[in-house]
Amino acid sequence: MKNHKHLPQLIMLLLIASSALFAGQSVTTRHFTFTVPDSMEVQVADLKTAFSLQAQPGGTYTYTLQPKGFNTKRLKPANSANNTITLKAERLSQERDNATFRTQTLAFSEEELLEASQVFENAIRRSEVVKRWYDLSTTEIDEMFAWKYGYETLTGIHAEVYIIHAGDTLISITTRYTYDEKTKWKPVFEQFLASGISFLDSLKPKEVQDDPAREEETTALYSYPLFGSSETFLWEDKPDWRSSSVYLPGQGGKKVHTIKTSTETLQSKGYYCKISAIEGLKALLASTISRQNYLLQSKRDIEQQLQNNTSLKNREVHRNEIDYENRFYVITYTYDYPYGEEAIHGAMIVKITKENVMLQVEVEWFDRGEALALAIIESIMTE
C-alpha cells in the first residue's frame, strides 16, 4: 500500500478549490436557487460533501453559508457557528401551498399570532439565553409569503428566522451575526434575502384569473343574531360559532366565540370575513366612559397593528373613525395584492352591542366581492 504522505495537503487544496467554486456561484435545489455571497462559502464537513453539494436529492436537506476561508482552517474559530446563513428544507406530511399559507395567516387574529410567536419563543429559550425577543410578523422573500421572528442573546448574537410553506416542504432561513461584526455581515444578509435567493416559479402563488361565470354568481345573505345579542347581522349560512380561550392583559382568561368564512372564499366569492365575540367584558363596558375609552384604545392598537404589518404593500387608509353613538370603531384600507394586479380592500371593526358584548371583525375583499363584504360590514355596524 502506498504511503500518501501528502494526503492532508491534497485534501486542503481540494477544499480550497471547492470553496472557490462556490464563492459567488449559484447552487440549485429542488425548491430554490441561491447565490453564495462573495465573502462566504458553503460549509462542508468532509471531502465527499464538497463534491456532492449541488447534487443533493429532494427531501430534507440543509445548506450553511459561513465566512469564506473557514473550510480550510484546521481549527474552527470560536465564533464559527455565527455570521452564518442556514437554509433548511424539511418534508411535510400535509401539503400547504404558499397562497394558502398566506390566506390562513391573514385570517389569524392578533392574539392568535402572538400565541404562535410565544410557541417559537419558548422553543428558542430552551437552547438560547434570550435577551430580547422580536414577535412573529410577516414578510416576503422573492414573492414567497413568509413568517419572520428574531431575537438577541446575552452573548451578543442577533438572529432572524424566516419560515416558508412551499407545498410538501417547509423551508426555513436563519441568519446569525455577532454585534461585533454587525456592520460587515448585516448588509450581506439583507442583500442575500433581497436578491440572493430565488424560488421556483411553480412554488410561487399564481395570479387568480377572473371567471366570468363565477362573477355572475349571486349569493344570498341572511339575517342572524350576533352572539349573545339581540342585534342581527348578515351571513350566508346559520353561524357555527366556535369557542376558544384567550388571555387578555389585565382581564385574565376569557371565552371567545368565532365564525369565519373558509380560506377559499376570498378566491371563489371575492371576500373573506371573520367575527369574534368576547365574553366576560360586560362589567368593563358597563359605563359610557368605559366604552368610549375601550373604543379609543382599540383604535390605537389596530392602527399600530396595521403600521407594523409589512406585508400590506402600498397600504392606503380610507376611513378611520369612532362612532360613539353607535358604539363602534372602523378602519378601511386598500393594499396591493401580491399575486396579481388588482387591489385588496380591508376593514377592521370593533363593535360593542347593546348587551355590551364586544365584537372584533376582520374583512378583506376584491372588487368582485365588494357588495357582499360591505353588506356584512354595514349590518354589523348598524342596528
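Calculation criteria
- Residue positions are counted from 1 within each chain, in the order its sequence is given.
- In view of the model being predicted, local features appear only for residues whose pLDDT reaches at least 70, and side-chain atom pairs are presented and counted only at 80 or more, with totals across whole chains, interfaces and linings using the full set of residues.
- Side-chain measures here rest on the full set of heavy atoms in the structure, leaving out hydrogens and waters.
- In what follows, salt bridge is the name for a side-chain nitrogen of Lys or Arg lying within 4 Å of a carboxyl oxygen of Asp or Glu.
- A run of H or I in DSSP counts as a helix once it spans at least four residues, and a run of E counts as a strand once it spans at least two, with each numbered from the N terminus.
- Note on pairing: two strands pair once DSSP finds at least 2 bridges between them.
- To get an axis, fit a line to the C-alpha atoms, keeping to the stretch in contact for a helix; angles then go from 0 to 180 degrees between the N-to-C directions.
- Put simply, two rings from Phe, Tyr or Trp (the six-membered ring, in Trp's case) pair if the centres are within 6.5 Å, and we call them stacked under 30 degrees between planes, edge-to-face over 60, tilted for the rest.
- A 1.4 Å probe rolled over the protein chains alone gives each residue an accessible area, and that area as a share of the maximum for its type sets the label: buried under 20%, exposed over 50%, partly exposed in between.
- By definition, residues are in contact when any of their heavy atoms lie within 4.5 Å.
- A residue's pLDDT is the confidence the predictor assigns to it, expressed on a 0 to 100 scale.

Q: Can you break down the pattern of salt bridges residue by residue, with the values?
A: In this structure the tally under the stated criterion is 13 salt bridges. The closest approach of N and O atoms between Glu128 and Arg176, which form a salt bridge, is 2.9 Å. Of the two residues, Glu128 sits in the loop between helix H4 (110-125) and strand S6 (130-141) while Arg176 sits in strand S8 (residues 157-178), which places them 48 residues apart along the sequence. The shortest N-O distance in the salt bridge between Asp142 and Lys204 comes to 3.1 Å.

Q: Help me get a handle on the sheet that holds strand S1 (residues 26-28), residues and values and all.
A: The sheet built from three strands is open, its strands ordered S1-S2-S9 with antiparallel pairing. Both edges of this open sheet fall to S1 and strand S9 (197-199), since each of them pairs with a single strand only. In this sheet, adjacent strand axes meet at a mean angle of 15° when their direction is disregarded. In this sheet, S9 lies alongside strand S2 (residues 32-35) in antiparallel orientation, the contact comprising three bridges. Bridge pairing in S9 links Thr33 to Ser198.

Q: Run through the packing of aromatic side chains, naming residues and quoting values.
A: Overall, the coordinates contain 19 aromatic pairs when judged by the stated rule. Aromatic pair Phe120 and Tyr149: ring centres 4.8 Å apart, planes at 20°, arrangement stacked. Of this pair, Phe120 sits in helix H4 while Tyr149 is found in strand S7 (residues 144-153), placing the two residues 29 residues apart along the sequence. Centroid distance Trp185 to Phe189: 6.1 Å. Interplanar angle 25°. Geometry classified as stacked. Separated by four residues within a single helix, Trp185 and Phe189 lie in helix H5 (residues 182-196), roughly one turn from each other. We classify Trp185 as buried; its relative accessible area is 1%.

Q: Let's hear about the environment of Ile380: which residues, and what values?
A: Tracing the backbone through its elements, the reader meets Ile380 in helix H9 (residues 370-381). Along the sequence, Ile380 and Ile275 sit 105 residues apart, while their C-alpha atoms lie 9.7 Å from each other. Not counting chain neighbours up to four residues away, the residues in contact with Ile380 comprise Phe233, Ile275, Lys351 and Val361.

Q: Could you give me a rundown of the confidence of the model for the protein, with the residues and numbers involved?
A: Across the protein, pLDDT averages 80, with 80% of residues at or above 70. At the level of individual helices and strands, the protein shows its lowest average pLDDT in helix H6 (residues 212-215), which scores 40, and its highest in S7, which scores 94. Scored below 50 in pLDDT, residues 13-21 makes nine contacts in the model with residues more than four places away or belonging to other chains. Taken together, the stretch residues 208-218 has pLDDT below 50 and engages in ten contacts with residues farther than four places along the chain or on a different chain.

Q: Quick rundown of the pairing of strand S11 (residues 232-235)? Include the residues and the values.
A: Judged by which residues are buried, S11 turns out to be one-sided: Phe233 and Trp235 face inward and are buried, whereas Thr232 and Leu234, on the alternate face, are not. Judged from the four bridges that link them, strand S10 (residues 222-225) and S11 form a sheet pairing that is antiparallel. In the sheet register, Tyr224 faces S11, and the bridge partner there is Phe233. Joining the antiparallel neighbours S10 and S11 is a turn of six residues, in which Gly228 adopts a positive phi near 70°.

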